[in-house]
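These are the residues of each chain, in order.
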Amino acid sequence: MKLIGEKGVRRILLGIAFSALSALLLIALFIMSEGLPFMFRYGLKGFLFSSEWQPEIGRFGIFPMIVASLWVTLGAMVIGAPLGVAGAVFLTEFVPRPVMRIVKPTTELLAGIPSVVYGFIGVIVLAPLIREHFGGPGLSVLASSVVLGIMILPTIISISIDSILAVPQTYREGSLALGATTWQTVHMVTVKAARSGIIASIILAMGRALGETMAVIMVAGNAVKIPHSPLDSVRTLTANIALEMSYATGLHREALFATGVVLFMMIMVLNIVAGLAIRKRGSKR
Amino acid sequence: MFRKCAILVVFTPMFLLLGCGKAKVSFTLAGSTAFQPFAEKLAEQYMTTHKDVNITVQGGGSAVGIQSALSGAAQIGMADLVTLPEEAKALTATVVARDGIAVIVNPDNQVVGFTAPQIRDIFNGKVKNWKGVGGANAPITVVSREAGSGTRSSFEQIVRDITLTKDALIQNSNGTIRETVANDPNAIGYLSHGMLNDKIKALKVDGQDCTTESILAGKYLLVRPIFLLVKGEVTPEIKDFIDYILSTEGQQTIKTSGLLPAK
Amino acid sequence: MRIPPRLTQAGAFIILGSATLLTLAVLAFIIGFVLQKGLPVLSLRFLFTNPQDMGRSGGIFPMLVGSVLLPLLAVTLATPLGVGTSVFLSEYTRESRVTRLIRFGTDCLAGIPSIIFGLFGFIFFVTTLRLGWSILSGGLTLAFMILPTIIRTSEEAIRAVPKSFREVSFSLGATRWQTVRKVVLPNALPGIVTGVMLGVARSIEETAVVIFTAGSSLRLPTSLLDSTRTMAVHFYILAREGISTENAYGTAATLVILVLTVNLLAYWLMHRVMAKRS
């Protein structure tokens, strides 16, 4: 290491960071360049707020799909986030360490199961269940939210577990020494200290839920309608892109890339909202 | 020490792979997902007797098949359409097989068959309840393929005047349509005749069953050809492969795999 | 009327415990479902022979190879890049508007649909750089895709290392790089490994990106420029076209076993490394 020296290390790391970030910038620019021109030519209002999606006659309104994506992602977060954080807290603070050491890699196993398998199980098992007990076609917002909620669990659980484990033991000991119970320590001290990581996991999970394509195509039903109940069949923005991209040409293709831009904007907005929520609730690090 | 071993183990296979050579003649087929598995099987058989040829088969849908053939991304495009669109007129098209489209419902559904106008009304959304066509009192769940599917284009073209109802569910493959209809007593859909199994029931169309015999006899309505599309000059290697598919052996493979021969 | 702390503790235990049990039940169901339908198909023949008859019979050896090579390439590229970037951002720069912007940017990129990555990979690597449908195109695109996750999880792991650790190291006369190498990284290792494992899992299961960049060739790849099919893609095609649901489940079961093996191996390795250090 003496060969390179401190300054050298700094330069190498700068180079690495620079390449990584430019790679990511490349993708962002790619999406923007393919999609933005269309948005301005077609008209933002017509694109974002019209409900007519008929590429054959040149109509590209994606409003129902924006609503669908929001509902489905929200549903997934409502299911996945509480379950995930609760599971992470339970596994680190209320259960012997060896148990956690086995359960954690096993939940990460869920992350390795292809989204198409989730989708397939959704079609065969979940959709009929929903149809029989709740009504509707089964392939619905509810089915999509459940499947996505399960898919994001590994991300939330694993990263949250790591964040909670990283809280110094002295914090817990101090709290317990003051007479707090384990639960009081957990929710007033440990989880607060691990907040940054837990929120990061939720944000990553939200991104995943919003961007998931394969599983959603199979269980959402893909009808282009604005949902009025969780039992309605919907088409998310991602499903729309995937269903039509392979054969779309010209304006239609540009419209699909523009849909990608909208997705990017949506995730930016969701992230900003999440960031503001954190800042409001507590002090900065 | 351990770390060095680990690095070696990881990187050796990758370096070994970097160099290896490629076969003398290579071409790609791309397009119809319905025909893709059959193309793969035919390619596999062809390559056992032609060891210097390397054939790769990709999917993407009939529309991708036409586009790839036009752009050169693939040397042969596969399309399962009733009639080829404008842009495909520039390509040399050869019919290599035929396929019937079955209209399917859940085995628990009592209906036995429909006329073409009835099918049109159901898929247009004019008839929304099964009792309007002789079935139980339950809403009809229409399931269709996505807009770029050759199966869908053929279906809509043959039945004519179909503007798919906005309430239709869309699945993007034959397999998921089959699973959807198999799991929903009120669903109706369509798929390739070769995909029929006992989890779903095929309806009679205009009184005709969807069987190999009635399709070959020309009695069944929903039949579409499968085209192989080549741009410009057909090179000898490609011609040889297409001839193989059209030969007795190739057509026999097509028959035993579930499609119908070209003639 | 205050509820005694011991009661809230019991209540919390029950609620959190139920949530965890629910999660584990779902996990058990999914894995059980896949294994129950897939294990009967598994055999040494299935794993080590080539597919025949469009995948209706024969094995899945080329797909097994593809499922190992693609994630390997992706992770080999993304991990140094990702960890290096997060080290630089947390240790070598001060918290500022720029770093916050970068963090925000990587969070957003983590949410881009896989199909867009697939298209990007197709247009950039397959077409523009003329790599064609190949393992190289697939690995590079997958690396891009898992990069944001690795950057963010590594960054969180590094930031979680208490400042005091670094201060002690500096007070002993260590340089910044020495501190990073010997104090920060070892302590952040579990978190970094989690990020990498999530990236590996993502690469193994990803379907859309792989189809667009590595293609779906059934043949055994012999070079990095060959197209290949991964087990996830194979399942996708077998199930989609209804070719063979048994083999599809067999493929899925193999995948599950592969991911489990990789995970357990990684964690075992990590514990050995950490045990050595302490």
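Residues numbered from 1 in each chain as written. Chains lettered and ligands numbered in written order. Predicted model: local features only at pLDDT ≥ 70, side-chain atom pairs only at ≥ 80, totals over all residues.

Here we look at the overall build of chain A
Regarding its fold elements, chain A presents 12 helices and two strands. Listing every helix and strand of chain A by position from the N terminus yields α-α-β-β-α-α-α-α-α-α-α-α-α-α. Each principal axis of the C-alpha distribution contributes one length, and for chain A these read about 70 × 60 × 35 Å. Contacts spanning at least 24 positions in sequence make up 73% of the contacts within chain A whose residues lie at least 6 apart. (Helix = DSSP H or I, 4+ residues; strand = E, 2+ residues; numbered from the N terminus. Contact = placed C-beta atoms within 7 Å.)

Examining the overall build of chain B
Helix and strand counts for chain B stand at nine helices and 12 strands. On the principal axes, the C-alpha backbone points of chain B span a range of 70 × 55 × 30 Å. Expressed as a percentage of its 263 residues, the buried residues of chain B come to 47%. Long-range pairs, those at least 24 residues apart, make up 73% of the contacts in chain B between residues at least 6 apart in sequence. (Buried ≥ 20, exposed ≤ 12 C-beta atoms within 10 Å, placed from the backbone.)

Brief notes about the environment of Pro-37 of chain A
Within the element layout of this structure, Pro-37 of chain A appears in helix α1 (residues 5–42). Here the alpha-carbon distance between Pro-37 of chain A and Glu-254 of chain A, two residues 217 residues apart in the chain, equals 8.3 Å.

A closer look at the environment of Met-78 of chain B
Residue and element names in this part refer to chain B. Within the secondary structure layout, Met-78 lies in strand β3 (residues 76–79). When the C-alpha atoms of Met-78 and Phe-38 are compared, they prove to be 11 Å apart, with 40 residues separating the residues in sequence. Setting aside chain neighbours within four positions, we find Met-78 in contact with Leu-29, Ala-30, Gly-31, Ser-32, Phe-35, Ala-39, Gly-65, Ile-226 and Leu-228.

Considering the packing of helix α4 (residues 97–112) of chain A against helix α8 (residues 176–205) of chain C
For the pair α4 of chain A and α8 of chain C, interaxial distance at closest approach is 7 Å and the crossing angle is 35°. From α4 of chain A, Glu-108, Ala-111 and Gly-112 of chain A reach across to α8 of chain C, where they touch Met-197, Leu-198, Ala-201, Arg-202, Ile-204 and Glu-205 of chain C. Classifying every residue of the contact of α4 of chain A with α8 of chain C gives five nonpolar, one polar and three charged. (Axes fitted to C-alpha atoms, helices over the stretch in contact; angles between N-to-C directions. Nonpolar A, V, L, I, M, F, W, Y, C, P; charged D, E, K, R; others polar.)

Quick word on the interface of chain C and chain B
On the side of chain B, 18 residues touch chain C, which itself brings 17 residues to the contact. Residues belonging to the side of chain C that touches chain B are distributed by class as follows: six nonpolar, eight polar and three charged.

Brief notes about the interface of chain A and chain C
Accessible area lost on assembly of the parts is the figure often given for the size of an interface. Between chain A and chain C, the contact holds 74 residues from the first and 80 residues from the second. Looking at side-chain class alone, the side of chain A that touches chain C contains 49 nonpolar, 20 polar and five charged residues.

Topic: the environment of Pro-190 of chain C
In this fold, Pro-190 of chain C is placed in helix α8. A sequence separation of 80 residues divides Pro-190 of chain C from Met-270 of chain C, and the C-alpha atoms of the two residues are 7.5 Å apart. Those residues in contact with Pro-190 of chain C that sit more than four places away from it in its chain are Asp-162 and Leu-165 of chain A together with Met-270 of chain C.

Considerations on helix α1 (residues 5–38) of chain C
A rise of 1.5 Å per residue sets the reference length of α1 of chain C, with its 34 residues, at 50 Å; its end C-alpha atoms lie 48 Å apart and thus fit the reference within 8%. Buried residues of α1 of chain C: Ala-12, Leu-16, Thr-20, Thr-23, Leu-27, Val-34 and Gly-38 of chain C, and no others. Those residues of α1 of chain C that are buried are in contact with α3 (63–93), α4, α5 (115–134), α6 (141–165) and α8 (182–193) of chain A together with α11 (245–277) of chain C. (Expected span 1.5 Å × (residues − 1).)

Considering the packing of α4 of chain A against α1 of chain C
At a minimum axis distance of 11 Å, the contact between α4 of chain A and α1 of chain C shows a crossing angle of 55°. Between α4 of chain A and α1 of chain C, the interaxial angle falls into the category oblique. Regarding α4 of chain A and α1 of chain C, the two cross each other, and that crossing is left-handed. Taken together, the residues of α1 of chain C that come into contact with α4 of chain A (itself represented by Thr-106, Thr-107, Leu-109 and Leu-110 of chain A) are Leu-27, Ile-30 and Ile-31 of chain C. Along the lines of polarity and charge, the residues of the contact of α4 of chain A with α1 of chain C split into five nonpolar, two polar and no charged. (Parallel < 35°, antiparallel > 145°, perpendicular 65-115°, else oblique. Left-handed = near helix turned anticlockwise from the far one by under 90°.)

A short note on the pairing of strand β6 (residues 141–144) of chain B
The two faces of a sheet get side chains in turn, since along a regular strand they alternate between them. Residue and element names in this part refer to chain B. Here β6 shows a buried face lined by Thr-141 and Val-143 and a second buried face lined by Val-142 and Ser-144. Direction of pairing for β6 relative to strand β8 (residues 187–192): parallel, over a ladder of two bridges. Its bridge partner lying in β8, Val-142 is registered against Ile-188. Of the strand pairs in this sheet, β6 and strand β7 (residues 169–170) are connected by two bridges, and their pairing is parallel. Bridging across to β7, Val-143 finds its partner in Leu-169. (Pairing = 2+ DSSP bridges.)

Some words on unusual backbone geometry
All names here are of chain B. Even without being a glycine, Arg-160 presents a positive backbone phi close to 70°. For Arg-160, the location among the structural elements is in the loop between α5 (150–159) and β7. Given 9 C-beta atoms within 10 Å, Arg-160 falls into the exposed group. For Asp-206, which is not glycine, the phi torsion reads 50° and is therefore positive. Structurally, the position occupied by Asp-206 is in the loop between β10 (204–205) and α7 (212–216).

Focus on the pairing of strand β2 (residues 53–60) of chain B
The buried fraction of β2 of chain B is high, at six of eight residues. Once you follow strand β1 (residues 25–31) of chain B into helix α2 (residues 36–49) of chain B and on to β2 of chain B, the crossover reads as right-handed. (Right-handed = clockwise from strand over helix to strand, strands pointing away.)

Remarks on the nonpolar core
Of all hydrophobic cores here, the largest spans 254 residues; its most connected members are Val-147, Ala-215 and Val-219 of chain A, Leu-229 of chain B together with Leu-147 and Phe-235 of chain C. For this core, the element with the highest residue contribution is α6 of chain A, accounting for 16 residues. The residues contacting Val-219 of chain A, other than those within four sequence positions of it, are Gly-119, Gly-122, Val-123, Leu-126, Ala-127, Leu-139, Ala-143, Ser-144 and Val-147 of chain A. (Core = buried A, V, L, I, M, F, W, Y, C linked by C-beta atoms within 7 Å.)

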